[in-house]
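Survey of secondary and tertiary structure
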Amino acid sequence: MSQFSAEAEAELQSLLRQLLKSIKDRISGAPSIECAEEILLHLEETDKNFHNYEFVKYLRQYVESSLGAVIEEETESCARGEGYAVGSVQDTLVHAVTRKTRESGEYKQMMQTLKNTMMVVVESLINKFEEDQLRKEEMHRESQHQQSNSHYTDNCSDSDSSFNQSYAFIKQEQLQVLAEKLDPGRPKEVRWEALQALCCAPPSDVLSCESWSGLLAPMSVLRFFAKTFSCSPLNVTREIYTSLAKSLESDFLYHKLSLPTGSAGIDVNRQDITRLLKQMRLMNDFQKEVTTFWIRHPEKYMEEIIESTFSLLSINPEHGLETQGSEKALKPMHLIALLDIKATWFKKWMHGYYSRTVVFRLLERKYKSLVSTAQRTLYTTKELEYMYFVHSLCVLGRLLMYTNGRKLFPVTVWNRKDPVSLTDLLVILISIMYQHPKPPHSDSSHAGVVHVLLRTLSDRTECAVECLYQTPVIETLLAPIITLLKGKQAKLNSPETTLIHIADTLARIATTERGLSLFLDERNIVSGEGEGISAAHVIVQFTQRLLAKELPLLRNAETSYGVSGAFIFVCRQMYNTCEGLQVLRPYGLHECIAAAWKKTTSLSERVPTPVPGAIPGTSSQELQNVVVWEETLLDNLLNFAATPKGLLLLQQTGAINECVTYMFSRFTKKLQVSRCEKFGYGVMVTQVAATAPGVVALHSSGFVQALVVEIWSVLECGREDVRVVHPKSTPMDPIDRSCLKSFLSLVNLLSSPHAVWELLGQQPLPNKAEYNLREMPTSITDLIDRLIAVNSDVKIHSLFNYEQSHTFGLRLLSVMCCNLDSLLLLESQYNISDMLLQCQKDNITDPSSDFIIDGLSVERNHILVRMSVIGGPSERRLPLRVLQKGTDPYPWPMFSSYPLPKYYILNLPKTTRCKQGKIYILHLPKTTRGKQGNWMDTCRRQYCKVMTTKSNIDPECLNLCLFVCRYGRHLNLLRDNSEQDLCLLMKHCQELLSQQRAKLTSELCILIYTLQGAYPGHDWFASTVFLIMAGDMERALRLLLHLSTLLTSAFLWPARLHGSVHLPMEIAQSSIHPVYSCTAHYVEMLLKTEVPLVFSAFRMSGFTPSQMCVQWLGQCFWNYLDWSEICHYVSTCVVMGPDYQVYMCVALLKHLQQDILQHTQTQDLQVFLKEEPIQGFRVSNYLEYMEGLERSYRTMVLTDMNNISQRVS
């Protein structure tokens, strides 16, 4: 498409006109032409409907038809490497194709053609616009002429359908005569003719004449003002506006109108009130319109308009009414509130920095009394007073939104001795919310208006910090709650509504870091017992009383539901964080909510089935309220799953299945978690999937099946609701962008070995002889069978997109194999490595040739090496997944049978024995220990001294049954034939731990292994100790026996407490290990405070730090750290204390901060953390940092670790 036809130009013009109409409001609201241009330039970023505009669709189609062939050609050329060199990491294929396309001749021709055509189209639109405007003006003049000849109306009319718009020159003498004729004492007909003549004169001539001051006095009519506002430039309208403001100011001061007392209202039909209202309306209309064009004029014009407005609004006629009893004067603010109750004019003035600066300057210098005028503490029930209040509050709210507005405080108020500070103002407003009833004939109330202001302030961080996060404000918000807790009646006009408003404000405060800290840490609130406690304690106590229905004021069911739900939501903003749960946990709120839910469920189940003709016993509205209340309780219970310890509490309530089912119903509808949550259910699903009960609940809810079907649909079916116009492009990435979200969801689901055991344990692969093309997998086993274990032609032919789908499966397998327990289960059940080796063997055309190198063979080779070699970052070599440039694109050797090529096993120096004096502190002789009280402190000091010097502690040995033996011999730590000793050690450990297993009854797959006397995974800690002891089985067993008496073993040795009698029965039954519910919980808590960027990155990615930490700790950092650092980890936790396990994880995540932030941007954080070893981490480098964490958090962390044998509160 080189040139546009006449029809195409006409169509383009029509589409452009349509686009401009669609965004008319946005452009017309711009304060300047430059701002309008910025709006258009950034329209795609700010308008969600941008890509739905027909004009945009037309341009996209035009670009595709003009450059489609060029882009395809350049893409193929760059993919083949023709004329394309990567200059930097950012110079990707997309950038290269874009650059080449923009340099092409076709692009330049297209841009020139488009530019020329658009110039013609825009010029034609402008011409048509001018013609339309001239036509409208002509019709307007004719209409006015007809109306002026027909009749005239009262001289106070300000309607815009009166006078002819034509102008005639007028002399000074004529203006003087007109001024005399406009005198109020003249007959109406004489004044009417004089006004007609005056309106025919140019406003500039009238304003510049000598008789203007004489004309102004009798000019009570508004037609001249209205006509001037509509058709004159700002330098003229400014003069008219200031004149009108001065005229009104003198009227208010002269007449001194009063508000009627009692319930009587103001009659707007009174001549004097009507006259004032019409003038104020004209002013208010101009105030709202002037912001669209005053930026194009000198600032002094705008300043004069603003100052004349403030001068009018600041007059106080009440001084003349002091002798007339209790009457109040009618002020300009009353009338402008009547016309514009929401203060729209002031919002527009405060919107732009250009005008906002002038407003603040004038308020600070001359009109600060306006701020104090807006603060009234006594209001009558009259509608006008209510409007005045609302208008004043809107003005105040707009001022408080800005820093300079808040700087106006404190202000002096005539009826108070002390100036009113910002905090005082908020306290006054909250008191108004408590005490003032709903005004008559109004849908709103004082409480509702104040609540809107509080909500607006809480949504802006700076406003909230200065206005709401103050102890007096929090005390005022909590005052009714404390009163009710004391058993007294709170002075609330509408208790239910007011308490809901209080709860909403408190919830918004609690959603921010600063507000949450204020609730949890500040102990300035006086409780019912007279003690100083934090706001969190007051709120949770009140919530418990609400749930128990112990408050007489709120025993009505419907009222109780609304208020209880609102305050549970406040608590939820606290207990869905680790630090908040730490404070609220002793109250057992999860048990209170669960008890209320069970009671509500039984109530709804007792409702009889409706029978035709029977009299209903319960109204449908009541039933609906019960159902809504039941869902509210489930929703709030579900949010305990936001943290590891909270998930344990949720599991203890017995409602985890119902909560997950409820979550899945909202997840499928893509509903927001709550009005205060920024992210969806992704993090919560990941947290739930970390435990066996959570995975079982996800599976029974249908979540797993829905995820599998979604993945299959994206990979094999495509979207059915999109009409295929162009063929789908071939994916350039191993995981196409359309599949990435589903892939990451599956990775999150299968991240924990508990999930793999529950979903795959004892589940054979279907391996069918035939697969129907319409047959969709519905389980993880089916997905592995169709996408990973593709070991037959039948399976290959059943896939429409074989390479893409199989690559997806292999990438998933690679991530799953990073967890060694998951790897062992896949290998033991499905012989995955044998299947991959056979596929590699099939990838050879004949025995004498090399492997066929393609995407699938490269993926398989990477997985085989990852599965076969154990080691840290400097102990093994993993092949890359990309081809290299040059003659040898893939230098890594492929293989189709064991043994593994030695290329992947790095040569390490032989391990030497430790010299005397550098042995482990773990083995200090008893004679060196000294007194029982301080020998451990001596050990710790000596350990820190050794660790901070550069002499590393060398391990003595390593071995792990076949799989581990290769690692031990690779490290030169084990002699041959050590497998038997390790097997014997494992047998002893199994016998030892089986004697301490509790008698459990459960359908969890992980506990079925336990009932059979076996730990479901491999005991990696026992293997680590075996290696530390140089393969000496007796020394290893002796050390494990000694360690089992220490608290440290509960966390270092996961198999030690699995289903153990040392745990409360309900926790042992849940199979939720303390490493998850305690260690991982505190890792998340400390991470939020100490490394907030990393914590936020995890939240945005939908992954959780606890998932990763549980994997690291569960396999003793095997494959993530070098062997020396693994030994340092074990010795550090034993010598320094079990809480160092928490500090170690925080230090690791701090070490990885830059990588984590980078991979959050590329949306592959989960894959990076699981697949990549931790480069460059040394325990000795972070020991000082961990000691700092110990000083800050040991009391809290170690206390909780010591209490793991107690029942969870």
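Parameters and conventions
- Each chain carries its own residue numbering, running from 1 in the written order of its sequence.
- Totals for whole chains, interfaces and linings use every residue, but because this is a predicted model, local features are given only for residues with pLDDT of at least 70 and side-chain atom pairs only at 80 or more, for both listing and counting.
- Water and hydrogen atoms were dropped before computing side-chain values, which therefore reflect all heavy atoms in the structure.
- UniProt positions are given in the numbering used here, feature names are shortened, and annotations may be inferred rather than shown by experiment.
- Secondary structure elements follow DSSP: runs of H or I of four or more residues count as helices, runs of E of two or more count as strands, with numbering from the N terminus.
- Accessible area is worked out with a 1.4 Å probe on protein chains only. A residue is then buried under 20% of its type maximum, exposed over 50%, and partly exposed in between.
- What makes two residues a contact is simply this: any of their non-hydrogen atoms within 4.5 Å.
- Accessibility throughout is a Shrake-Rupley quantity obtained with a 1.4 Å probe, and a residue counts as covered only by protein chains that appear here.
- By convention in these notes, a salt bridge is any Lys or Arg side-chain nitrogen within 4 Å of a carboxyl oxygen on Asp or Glu.
- Exposure above 30% relative accessible area and no salt bridge define the residues that can form patches, which grow by joining like charges within 9 Å and nonpolar side chains of Val, Leu, Ile, Met, Phe, Trp and Tyr within 5 Å.
- Centre distance within 6.5 Å is the pairing criterion for rings of Phe, Tyr and Trp, where only the six-membered ring of Trp is used; planes under 30 degrees apart are then read as stacked, over 60 as edge-to-face, and the remainder as tilted.
- We count a charge as sitting over a ring when the NZ of a lysine or the CZ of an arginine lies within 6 Å of the ring centre and within 35 degrees of the ring normal.
- Inter-axis angles, ranging from 0 to 180 degrees, are taken between N-to-C directions of lines fitted to C-alpha atoms, where helices are fitted over the stretch in contact.
- A crossing counts as left-handed when the near helix is turned anticlockwise from the far one by less than a right angle, and as right-handed when that turn is clockwise.
- For this scheme, ten residues count as nonpolar: Ala, Val, Leu, Ile, Met, Phe, Trp, Tyr, Cys and Pro. Four count as charged, namely Asp, Glu, Lys and Arg, and the remainder, Gly too, count as polar.
- For the purpose of counting charges, residues Lys and Arg are taken to be positive, whereas Asp and Glu are taken to be negative. His and the chain ends are not included.
- Charge positions are represented by NZ for Lys, CZ for Arg, CG for Asp and CD for Glu.
- Take the residue count of a helix, subtract one, and multiply by 1.5 Å to get its expected span.
- Scored from 0 to 100, pLDDT reflects the predictor's confidence in each residue.

Per an unreviewed UniProt entry, the protein chain goes by Protein broad-minded and derives from Oncorhynchus tshawytscha. In its Function (unreviewed entry) section, UniProt records this for the protein chain: "Required for high-level Shh responses in the developing neural tube. Together with CDK20, controls the structure of the primary cilium by coordinating assembly of the ciliary membrane and axoneme, allowing GLI2 to be properly activated in response to Shh signaling."

**Quick notes on the overall build of the protein chain**
When helices and strands are tallied, the protein chain shows 61 helices and 4 strands. Per-residue burial over the protein chain gives 52% buried out of 1209 residues. Taking as baseline every contact in the protein chain between residues at least 6 positions apart, the subset at least 24 positions apart corresponds to 74%. Summed over all atoms, the accessible surface of the protein chain reaches about 57000 Å², with 52% contributed by carbon and sulfur.

**Focus: the pattern of salt bridges**
Enumeration over the complete set of coordinates arrives at 23 salt bridges. Between Lys 57 and Glu 54 there is a salt bridge; the shortest N-O distance is 3.8 Å. Of this pair, Lys 57 and Glu 54 both sit in helix H5 (residues 54-80), separated by 3 residues, roughly a single helical turn. Given a relative accessible area of 35%, Lys 57 falls into the partly exposed group.

**So, the environment of Cys 739**
Residue position: Cys 739 is located in helix H38 (residues 737-749). Residue Cys 739 is classed as buried on the basis of its relative accessible area, which comes to 2%. Here the alpha-carbon distance between Cys 739 and Trp 712, two residues 27 residues apart in the chain, equals 9.6 Å. In this view, Cys 739 contacts Val 714, Leu 715, Gln 804 and Phe 808; residues no more than four positions away in its chain are not counted.

**Description of a nonpolar patch on the surface**
A surface patch of nonpolar side chains, about 190 Å² in accessible area, is lined by Val 268, Leu 338 and Leu 339. Locating Val 268 in the fold gives a position in the loop between strand S1 (258-259) and helix H14 (271-289).

**A look at the packing of aromatic side chains**
One pass over the full model with this rule turns up 26 aromatic pairs. Through a chain of ring-to-ring contacts, the aromatic side chains of Trp 294, Phe 310, Trp 345, Phe 346, Trp 349 and Tyr 367 assemble into a single cluster. Of note, Arg 877 hangs over the ring of Tyr 903, and the distance from its end group to the ring centre comes to 4.6 Å.

**Some remarks on unusual backbone geometry**
With an omega of 5 degrees, the peptide bond between Phe 409 and Pro 410 qualifies as cis. One can find Pro 410 in the loop between helix H21 (403-406) and helix H22 (422-435). In this chain, Tyr 898 is followed by Pro 899 through a cis amide linkage whose omega measures 5 degrees. Position of Pro 899 among the secondary structure elements: in the loop between helix H45 (855-868) and helix H46 (935-948). A positive phi angle, close to 75 degrees, is found at Asn 1119, a residue other than glycine. Assignment of secondary structure puts Asn 1119 in the loop between helix H56 (1105-1114) and helix H57 (1123-1136). Accessibility expressed as a relative area gives 7% for Asn 1119, which makes it buried. Even without being glycine, Gln 1163 reaches a positive phi, approximately 60 degrees. Relative to the assigned elements, Gln 1163 resides in the loop between helix H59 (1153-1161) and helix H60 (1165-1171).

**Describing the environment of Tyr 890**
When you line up the elements, Tyr 890 lands in the loop between H45 and H46. Through-space distance from the C-alpha of Tyr 890 to that of Val 858 is 8.7 Å; in sequence the pair is 32 residues apart.

**A look at helix H43 (residues 820-830)**
Of the positions making up H43, those classed as buried are Leu 820, Asp 821, Ser 822, Leu 823, Leu 825, Leu 826 and Tyr 830. Just downstream of H43, Asn 831 is the residue with a positive phi angle, here 50 degrees.

**Some thoughts on the packing of helix H15 (residues 299-313) against helix H17 (residues 344-351)**
Close contact between H15 and H17 brings their axes to 13 Å; oriented N to C, the two are set at 145 degrees. With respect to the hand of their crossing, H15 and H17 are arranged in left-handed fashion. Judged by residue contacts, Ile 305, Ile 306, Thr 309, Phe 310 and Leu 313 of H15 engage Trp 345, Phe 346 and Trp 349 from H17. Classifying every residue of the contact of H15 with H17 by side-chain character gives 7 nonpolar, 1 polar and no charged.

**Section: a negative patch on the surface**
The grouping of Glu 72, Glu 73, Glu 76 and Glu 106 at the surface amounts to a negative patch. Considering each element in turn, the negative patch owes the most residues, 3 residues, to H5.

**A short note on the environment of Thr 471**
Inspection of the secondary structure puts Thr 471 in helix H25 (residues 471-485). Along the chain, Thr 471 and Ala 535 lie 64 residues apart, while their C-alpha atoms are 9.8 Å from each other.

**Side note on helix H26 (residues 495-510)**
With 16 residues, H26 ought to run about 22 Å at 1.5 Å a step, and its terminal C-alpha atoms sit 22 Å apart, in line with that. In terms of burial, H26 is largely enclosed, as 12 of its 16 residues are buried. For H26, every residue scored as buried is listed here: Thr 498, Leu 499, His 501, Ile 502, Ala 503, Asp 504, Thr 505, Leu 506, Ala 507, Arg 508, Ile 509 and Ala 510.

**Some remarks on the confidence of the model for the protein chain**
Low-confidence regions, as indicated by low pLDDT, have predicted coordinates that should not be scrutinised in detail. Overall, the prediction assigns the protein chain a mean pLDDT of 80, with 79% of residues at 70 or greater. Between the elements of the protein chain, mean pLDDT differs from a low of 54, seen in helix H11 (residues 212-216), to a high of 97, seen in helix H58 (residues 1140-1151). Predicted confidence is poor over residues 147-168, with pLDDT under 50, and the contacts of this stretch with residues over four places away or in other chains come to 56 contacts. Considering only residues more than four positions removed or in separate chains, one finds that residues 950-961, a stretch of pLDDT under 50, has 62 contacts.

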